[in-house]
Amino acid sequence: ESKWFSVFLNSDGRVGIMNLNNMAEADAEVAGSLALEAASTGHETGFMQDYLYQITDRNGGGKMVLFLNCETKLTAARTLALISLAACAGGILLAWLIVTVASRRAIAPIVRQIEQQKQFITNASHDLKTPLTVISTNMQLLQSDLPDNPWIRSTQKQTAQMRRLVEEFYYCG
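Everything numeric here is computed off the predicted structure, so don't read it as measured data.

Draft legend 1. Fine view of the sheet that holds strand β2 (residues 15-19). Pairing is antiparallel across the open sheet formed by 5 strands, whose spatial order is β2-β1-β5-β4-β3. Each end of this open sheet is capped by a strand with a single partner; those strands are β2 and β3 (45-48). If you compare each strand with its neighbour and ignore which way they point, the axes differ by 25° on average. In the sheet, strand β1 (residues 4-9) pairs with β2 via 3 bridges, with the strands oriented antiparallel. Following the sheet pairing, Leu9 is matched in β2 by Val15. The sheet strands contacting helix α1 (residues 28-40) are β1, β2, β3, β4 (51-57) and β5 (63-69), and the helix crosses β1 at an angle near 65°.

Draft legend 2. Broad picture of the nonpolar core. Of all hydrophobic cores here, the largest spans 14 residues; its most connected members are Phe5, Ala38, Tyr53, Val65 and Phe67. Of all the secondary structure elements, the ones that give two or more residues to this core are β1, α1, β4 and β5. Not counting the four nearest positions on each side in its chain, Ala38 is found in contact with His43, Met48, Tyr53, Ile55, Val65 and Phe67.

Draft legend 3. Looking closely at unusual backbone geometry. Although it is not a glycine, Gln49 adopts a positive phi angle of roughly 55°. Using a relative accessible area of 59% as the deciding quantity, one classes Gln49 as exposed.

Conventions adopted
- Residues numbered from 1 in each chain as written.
- Predicted model: local features only at pLDDT ≥ 70, side-chain atom pairs only at ≥ 80, totals over all residues.
- Heavy atoms only, no water.
- Pairing = 2+ DSSP bridges.
- Helix = DSSP H or I, 4+ residues; strand = E, 2+ residues; numbered from the N terminus.
- Axes fitted to C-alpha atoms, helices over the stretch in contact; angles between N-to-C directions.
- Contact = heavy atoms within 4.5 Å.
- Core = buried A, V, L, I, M, F, W, Y, C linked by side-chain atoms within 4.5 Å.
- Buried < 20%, exposed > 50% of the residue type's maximum accessible area, 1.4 Å probe, protein only.

And the structure:
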């Protein structure tokens, strides 16, 4: 059953007759002020609070303002909008969570491989430094016995170049 009430406004804009029979909680003072407010908007139809109103001109002058209580439907629409908003936010949050977890799992092998590569480079450069130090030291000793030997100078040059490469390799890894 629909709940409604009507208010007749005289041609001078004052509240006249009211029909509040179909609206148990309607108060004459509230009904009159709602009718005057609706008439002042300049619109023939609209919403005011939880009421849908329609204004029609009367033959003898004045206006009839009819109010339909839409509280139940408006509450249902508000609830639906709130539930939809919550479901949308929940869906976005769930999608973000799934993407985050999936992307972490997808890149985990790559991260592990990079860490293993770094460890290999560190170990390899450390393992190469020791023999290079021994070779360099031996060449210095040999050079003191054979100062003009081109083979010793060449080996020292190659050892120095190899040491630079190992250092560069270590710092890049």
